[in-house]
Amino acid sequence: MVTIILLRHGESTANVQRILAGRSPGVELTARGRKQVARVAQELPHIDVIRHSTIDRCVDTARIVAHGRDAHMTQDSRFDEVDYGEWSGLPLDDLQTRAHWESVQKSPQDFQFPGGEAMSHVYERAVEGLTSLRHDLGPGKTGLIVSHGDVIKAMVAYVVGAGLNNFQRFGIQPAQYCVLHVHEQTIMLGLGGSRISSATLGGEC
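Figured I'd write up the structure that's included with this text. The structure presented is a predicted model; accordingly, all values stated were derived computationally and were not measured.

Thresholds, definitions, all that
All residue numbers here refer to positions counted from 1 along the written sequence of the relevant chain. The model is predicted, so local features are restricted to residues of pLDDT at least 70 and side-chain atom pairs to those at 80 or more, both for listing and for counting; the totals for chains, interfaces and linings are taken over all residues. Derived side-chain values reflect all non-hydrogen atoms in the structure, with water molecules and hydrogen atoms excluded from consideration. Lining residues are those with an atom within 4 Å of a point, where the points come from a 1 Å grid over the protein atoms alone and group into cavities, where a 1.4 Å probe fits but cannot get out, or pockets, open sets with protein on both sides within 12 Å along at least five of seven lines. Grid points are joined across faces, edges and corners, and a volume is the space filled by probe spheres set on the points. Put simply, DSSP marks the helices as runs of H or I at least four residues long and the strands as runs of E at least two long, and each gets a number from the N terminus on. For this scheme, ten residues count as nonpolar: Ala, Val, Leu, Ile, Met, Phe, Trp, Tyr, Cys and Pro. Four count as charged, namely Asp, Glu, Lys and Arg, and the remainder, Gly too, count as polar. Axes here refer to lines fitted to C-alpha atoms; in helices the fit is confined to the stretch in contact. Angles between the N-to-C directions go from 0 to 180 degrees. Small angles under 35 degrees read as roughly parallel and large ones over 145 as roughly antiparallel, with 65 to 115 read as roughly perpendicular and the rest as oblique. Two helices that cross are described as forming a left-handed crossing if the nearer one is turned anticlockwise from the farther one by less than a right angle, and a right-handed crossing if clockwise. Contacts: residue pairs with any heavy atoms within 4.5 Å of one another.

Comments concerning the layout of surface pockets
- Counted as a void, the largest pocket has a volume near 670 Å³.
- Surrounding the largest pocket, 30 residues form its lining, Arg8, Asn15, Leu20, Leu92 and Asp150 being those nearest its centre.
- Elements represented by at least two residues in the lining of the largest pocket include exactly helix H1 (13-17), strand S2 (19-20), helix H5 (101-106) and helix H7 (149-159).
- For the lining of the largest pocket, the class distribution of residues is 13 nonpolar, 11 polar and six charged.

Regarding the packing of helix H2 (residues 31-43) against helix H3 (residues 56-66)
- H3 packs onto H2 with a crossing angle of 40 degrees between their chain directions and a minimal axis gap of 9 Å. Between H2 and H3, the angle is such that the two are oblique. Of the two possible hands of crossing, H2 and H3 adopt the one that is right-handed. Touching Arg34, Val37, Ala38 and Ala41 of H2 are Asp60, Thr61, Ile64 and Val65, all from H3.

Function cannot be inferred from these measures alone, as they are strictly geometric.
Take a look at the structure:
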C-alpha cells in the first residue's frame, strides 16, 4: 500500500480579498495561512516525497511542511493553479454574475476560461501528476502533493469516479487535506485524516 496526501496551500492574500488569483504574481500566504500550515504539518505522518505547484503560495506551504523532515521535495507544474486567463485577479463576487459562471459550475468538461486554460486540460495534467507519483512511490511510502483548490478537486473527482463535470461537488479549504490509501486497485479517500469513502478504480491511479 502507498499513501498520497493532497494538501491545499494555506490561506492567501487573495483568499482574504475574495479574488480569483490564478497565476497572478504577488499572491502570498497570510500570517494566518502560515500558522494553518504549521498546525497541519504537525498532524501529518512521515512523508517520503513532496511534489508541489510552482506557484509561490504552494512553494511556501511545501517548505513549511518539509521543515525538519527528510523528504525529497520537487516542483511539478502539473499541480499548478488553473490559468484563469482574463478572469485572473478579478473579484469572485463579480465573476459570479457573469454568464459563463454557470458553465464552469455545471459543465466544466466543455469549458475554457476566456484567454486561459480548458478545465479538461487541468483535469488531465492533474491526474497525470497523481498517477506519476503513485507509480514512483514504493510499497509503504507516503507522498504529499501541495496544490490548489480546483486542481485538488479535479483529482478527487477522478479518484471517486465522479468525472470532471462533478468536480464542483467537492470542496477543500485552505490548509485542508485529504488522504488516499492506495492498495492494489482500491483507493480509500479520507479528509483531514478521517476515512470517508472508497472507490475501486481501473488501475490508472
